[in-house]
Amino acid sequence: MKIAILGAGKMGLSFSKSFLKYELIQPENLHLILRNEKRIPEISGEFPDSRISVLDQVTESDADVIIIAVKPQDFLHVAGNIRFRMKENQLVLSIMAGITIEKIRKALHHPLVVRAMPNSPTLLGMGITGYTAAEGIAFSQLMNIERLLNSTGRSVYLEDEDLLDGVTALSGSGPAYFYYIVDAMIRAGVEMGIQENLSRLFVKQTMLGAYHLINNSDKNLEELISDVASKGGTTEAALNTFQENSLKDILKKGILSAEKRARELNG
């Protein structure tokens, strides 16, 4: 399999590294297409055996899969500056937030488009990606896409493309929500007199342990909360404050705002 990645930001490069790590492609079959030639020395150092090009210099591509990994706001400009014509059997995989399959098909004049929404833990091979596909894509081609996505963590196929904006808000943006909460907890620890490095250790290990309990326990979330929050205790005091300040509603409103923004990105 040959793969071209248009856009060499964090996500495009993390995908590239996963494909090579799991030997889904050979380095010489990876083509990284950049918009800024100033980054060529840096990217060449990371991928010495792969092909590195600038977009306006690429006049043809023999890739089986072309991954679009540019910012959604830049897509139409980039699409208008692609100098090569896509071959009939080439597959386009978009990992841009918000941009619909129909808009991609029209901009690229190409019907075979898969739209996916990964998240940042793909950098560690622990991401999750929701994806959907245009009509007319063969099952074997879709399985190849799933193999690629699974190299970065887990993937979930969605029949309804509209759900991808929700996936963007929930898991695509989701890691930042957890970082935000972790940061608030660390700051609270410092305010209580705990050294910042120790506060960070306590919070990070607490979050890690809580994740494993969620993942390995037969109990639901309410039961897990009850296990910690004894009547009249410290945890209950914190939870009551969260409830009085509508923390759940605030978080939900934020996530719904992210979904709205994802829809807006399609223009």
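Starting afresh in each chain, residues are numbered from 1 along the sequence in its written order. Only residues with pLDDT of at least 70 get local features here, since the model is predicted, and only at 80 or more are side-chain atom pairs given and counted; chain-wide, interface and lining totals rely on the full set of residues. In computing side-chain values, all of the structure's heavy atoms are included and hydrogens and water are not.

Student: Pulling in residues and values, what's your account of the overall build of the protein?
Tutor: A helix here means a DSSP run of H or I that spans at least four residues, while a strand means a run of E at least two residues long, and both kinds are numbered starting from the N terminus. Helices and strands together make up the secondary structure of the protein, namely eleven helices and eight strands. Counting only C-alpha atoms and orienting by the principal axes, one finds that the protein spans roughly 70 × 40 × 35 Å. Per-residue burial for the protein yields a buried fraction of 39% across its 267 residues. Pairs of residues are marked as contacts when any of their non-hydrogen atoms sit within 4.5 Å. Long-range contacts, defined as pairs at least 24 residues apart, comprise 62% of the intrachain contacts of the protein with a sequence gap of at least 6. Accessible areas in this description were obtained via Shrake-Rupley with a 1.4 Å probe; residue shielding takes into account the shown protein chains only. Entry remark: accessible area of the protein is about 16200 Å², with carbon and sulfur atoms responsible for 54%. Computed over 29 positive and 32 negative side-chain charges, the separation of the two mean positions in the protein equals 5 Å. The buried label goes to any residue with under 20% of its type's maximum accessible area, the exposed label to any with over 50%, and the partly exposed label to all in between, with areas taken from a 1.4 Å probe on protein chains only. Charge assignment in this entry is limited to Lys and Arg as positive and Asp and Glu as negative, and neither His nor the chain termini are counted. In plain terms, the charge of a residue is placed at NZ if it is Lys, CZ if Arg, CG if Asp and CD if Glu.

Student: Tell me about the packing of helix H6 (residues 163-172) against helix H7 (residues 174-191), and please be specific about residues and values.
Tutor: Where H6 contacts H7, the axes come no closer than 5 Å and their chain directions differ by 30°. Classed by the angle they form, the pair H6 and H7 counts as roughly parallel. Residues Ala169, Leu170, Ser171 and Gly172 of H6 lie in contact with H7, whose contacting residues are Gly174, Pro175 and Tyr177. Nonpolar residues are Ala, Val, Leu, Ile, Met, Phe, Trp, Tyr, Cys and Pro. Charged residues are Asp, Glu, Lys and Arg, and all others, Gly as well, are polar. Within the contact of H6 with H7, the residues separate by chemical class into four nonpolar, three polar and no charged. For helices, the fitted axis covers only the stretch in contact; all axes are lines through C-alpha atoms, and the angles between them, taken along N-to-C directions, range from 0 to 180 degrees. When describing relative orientation, an angle under 35 degrees is termed roughly parallel and one over 145 degrees roughly antiparallel, while 65 to 115 degrees is termed roughly perpendicular and anything else oblique.

Student: Would you mind going over the side chain of Gln141 in detail, with residue names and values included?
Tutor: Relative to the assigned elements, Gln141 resides in helix H5 (residues 139-150). When neighbours within four sequence positions are excluded, Gln141 is seen to be in contact with Asn89, Leu91 and Leu112.

Student: I'd like to hear about the pairing of strand S5 (residues 91-94), residue by residue, with values.
Tutor: Burial along S5 is two-sided: Leu91 and Leu93 and Val92 and Ser94, pointing in opposite directions, are all buried. The pairing criterion for strands is at least two bridges between them, as found by DSSP. As paired strands, strand S4 (residues 65-68) and S5 are joined by four bridges and run parallel to one another. Pairing of Ile66 across the sheet is with Val92, part of S5. As paired strands, S5 and strand S6 (residues 113-117) are joined by three bridges and run parallel to one another. Along S6, the bridge assignment pairs Val92 with Val113. Place the viewer so that the strands point away; then a crossover is right-handed whenever the path from the first strand over the helix to the second strand goes clockwise. Once you follow S5 into helix H4 (residues 101-108) and on to S6, the crossover reads as right-handed.

Student: Tell me about the nonpolar core, residues and numbers included.
Tutor: Counting 30 residues, the largest nonpolar core has Phe19, Ile67, Leu93 and Val114 as its most contacted members. Going through the elements one at a time, strand S1 (3-6), helix H1 (10-21), strand S2 (30-34), S4, S5, S6, strand S7 (127-133) and H5 are the ones with two or more residues in this core. When residues in this core are grouped by element, the largest group, four residues, is from H5. If we ignore the near neighbours within four places in the chain, the residues touching Leu93 are Val65, Ile66, Ile67, Ile68, Val114, Ala116, Ile145 and Leu149. If you look at the next biggest cluster of nonpolar residues, it comprises 23 residues, including Ile33, Val58, Val70 and Ile82. In this description, a nonpolar core means a group of buried Ala, Val, Leu, Ile, Met, Phe, Trp, Tyr and Cys residues linked to one another through side-chain atoms lying within 4.5 Å.

Student: Describe a nonpolar patch on the surface, listing the residues and the values that go with them.
Tutor: Here a patch means residues that are over 30% exposed by relative accessible area and free of salt bridges, tied together within 9 Å if like-charged and within 5 Å if nonpolar (Val, Leu, Ile, Met, Phe, Trp, Tyr). For this analysis, a salt bridge means a side-chain nitrogen from Lys or Arg found within 4 Å of a carboxyl oxygen belonging to Asp or Glu. Together, Tyr180, Ile181, Met185, Ile225, Leu239, Phe242, Leu247, Ile250 and Leu251 make up an exposed nonpolar region whose accessible area comes to about 840 Å². Every element with two or more residues in the nonpolar patch is listed here: H7, helix H10 (234-244) and helix H11 (247-264).

Student: So what about the packing of aromatic side chains? Which residues, and what values?
Tutor: Centres within 6.5 Å make a pair out of two Phe, Tyr or Trp rings, where for Trp the six-membered ring is used; the pair is then stacked when the planes are under 30 degrees apart, edge-to-face when over 60, and tilted otherwise. All told, the structure shown has two aromatic pairs when counted by the stated rule. Ring centres of Phe15 and Phe19 lie 5.8 Å apart, and the angle between their planes is 80°; this geometry places the pair in the edge-to-face category. With Phe15 and Phe19 both in helix H1 and four residues apart, the pair spans about one turn of that helix. By the burial criterion, Phe15 is buried, and Phe19 matches it. Look at Tyr131 and Tyr157: their rings are 5.3 Å apart centre to centre, the planes differ by 70°, and that puts the pair in the edge-to-face class. With a gap of 26 residues between them, Tyr131 in strand S7 and Tyr157 in strand S8 (residues 153-157) connect regions that are remote in the sequence.

Student: So what about the environment of Glu28? Which residues, and what values?
Tutor: You can see Glu28 is positioned in the loop between H1 and S2. Each C-alpha atom, one on Glu28 and one on Ser50, is 4.7 Å from the other, the two residues being 22 residues apart in sequence.

Student: Which residues make up the side chain of Ser171, and what values go with them?
Tutor: Along the polypeptide, Ser171 turns up in helix H6. What makes Ser171 buried here is its relative accessible area of 17%. Residue contacts for Ser171: discarding those within four places in its chain leaves Asn119 and Ile128.

Student: Kindly report on H6, identifying the contributing residues and their values.
Tutor: Given 3.6 residues per helical turn, the α-helix brings residues three or four places apart onto the same face. Inspection of H6 places Leu164, Asp165, Val167, Thr168, Ala169 and Ser171 among the buried residues, and these make up the whole buried set. Turning to H6, the residues buried within the fold contact S6, S7, H7 and H11.

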